[in-house]
Amino acid sequence: MEIVPGLLESNKAEFKAKLDKLMGFASRIQVDFNDGSFSGFVSVKPEDIVEFIVGPSASLRTSSAELEAHLMVQQPRGHEWTSELVNLGFRKIIIQYEIEDNIREVLEEVKTNGMLTGLAIGPATAVSEIEPYADLLDTITVMDIEPGKQGQKFLPEELAKVKELRDGNFPGEIQVDGAITVDTIQDIVVSKPDTLIVGSYIVNSADPKESYETLWKFLK
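All residue numbers here refer to positions counted from 1 along the written sequence of the relevant chain. Under the rules for a predicted model, residues below a pLDDT of 70 receive no local features and side-chain atom pairs below 80 are neither given nor counted, while totals for whole chains, interfaces and linings still include all residues. Think of the side-chain values as coming from all heavy atoms in the structure, minus any hydrogens and water.

Take the side chain of Lys 18 next. In this text, helices come from DSSP runs of H or I with a minimum length of four residues, and strands from runs of E with a minimum of two, each type numbered from the N-terminal end. Checked against the element boundaries, Lys 18 lands in helix α1 (residues 12–23). According to the relative accessible area criterion, Lys 18 is buried, its value standing at 16%. In this structure Lys 18 touches Leu 7, Glu 9, Val 203 and Asn 204, once residues within four positions along its chain are discounted. Accessibility here uses a 1.4 Å probe with only protein chains present; expressed as a share of the type maximum, an area under 20% marks a residue as buried, one over 50% as exposed, and anything in between as partly exposed. Whether two residues are in contact is decided by their heavy atoms: any pair within 4.5 Å suffices.

Our focus in this paragraph is the environment of Val 54. By secondary structure assignment, the location of Val 54 is in helix α2 (residues 50–54). The exposure class assigned to Val 54 is partly exposed, which follows from its relative accessible area of 37%. Along the backbone, Val 54 and Gly 89 are 35 residues apart, and their C-alpha atoms lie at a distance of 8.6 Å.

To continue, consider the environment of Glu 9. Secondary-structure assignment places Glu 9 in the loop between β1 (2–7) and α1. Taking the C-alpha atoms as reference, Glu 9 lies 16 Å from Met 23; in sequence the two are 14 residues apart. The residues touching Glu 9, leaving out its near neighbours within four places in the chain, are Glu 14, Phe 15, Lys 18, Phe 41, Ser 43, Val 44 and Asn 204. Polar contacts, as used here, are pairs of N or O atoms within 3.5 Å; protein pairs need one atom able to donate a hydrogen and one able to accept it. Residues neighboring in sequence count only if both atoms are side-chain atoms. Of note is the side chain of Glu 9, whose polar atom sits 2.7 Å from the side chain of Lys 18.

Attention now goes to the packing of aromatic side chains. Each pair of aromatic rings taken from Phe, Tyr and Trp, with Trp reduced to its six-membered ring, is defined by centres within 6.5 Å and is described as stacked if the planes are under 30 degrees apart, edge-to-face if over 60, and tilted in the remaining cases. If you walk through the whole model with that rule in mind, you get 6 aromatic pairs. Seen in terms of ring centroids, Phe 25 and Tyr 212 are 5.0 Å apart; in terms of plane orientation they differ by 55°. Their pairing is tilted. Taken as a pair, Phe 25 in the loop between α1 and β2 (28–34) and Tyr 212 in helix α8 (residues 208–216) lie far apart in primary sequence, 187 residues in all. Here the two residues Phe 25 and Tyr 212 agree in accessibility, since each one is buried. Clustering of aromatic rings is evident, with ring pairs tying together Phe 25, Tyr 212 and Trp 216.

Let us look at the pairing of β1. In terms of burial, β1 is largely enclosed, as 5 of its 6 residues are buried. Across 4 bridges, the pairing between β1 and strand β8 (residues 195–198) is parallel. Pairing of Ile 3 across the sheet is with Leu 196, part of β8. In this description, strands pair whenever DSSP reports at least two bridges between them. Two elements, β1 and β2, share 2 bridges in a ladder whose sense is parallel. Bridge pairing links Gly 6 to Gln 30 in β2. Note on handedness: a clockwise path from strand one over the helix to strand two, with the strands aimed away from the viewer, defines a right-handed crossover. Handedness of the crossover joining β1 and β2 through α1: right-handed.

So, to be careful, I would describe these as geometric facts and stop short of saying anything about function.
Written as structure tokens, this is what we have:
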């Protein structure tokens, strides 16, 4: 099981400061992008962070951290989102199931660009609804909060979806995303996902590395 910090910011300076801290200890970081349609929260866009990822002073140049993106964006295809993330060297793009765009076409575009694919499902979406896309998926992300912003209430009933995916023999990575803290992690670990995406508990703490290591103790 792996812990991956999740970074969601609307402010470029805050994004840079927190990304630098995470790159100091995390081998993998998930960057969340939000167009405001899921919660009203609008994040930085890929074009806003180019200098932080591939610029001459970018921390990523001296870090081995891999970046993946979670797009809570209604129309993720094209230059503004998927193409820009390819250019920035992101390894994987996870899109939200509850979008307006054609899901299969988005996933195929990501695959065509040589990247790994993922589909995130919110509380209103059943596992059975994503079965038509299973052939294109490397990752399924189970959201145990409403998608859109960090710091929400944990929805433990969503963990049943992890078991359903296991019982259905999904061969790829199963992530759980949202409200993971020292108070919820034990219940989440019991459901046996492959990866825990942890946002505010790590990223907004006074010492992100210490918070990351605290959660790791529950996995040993």
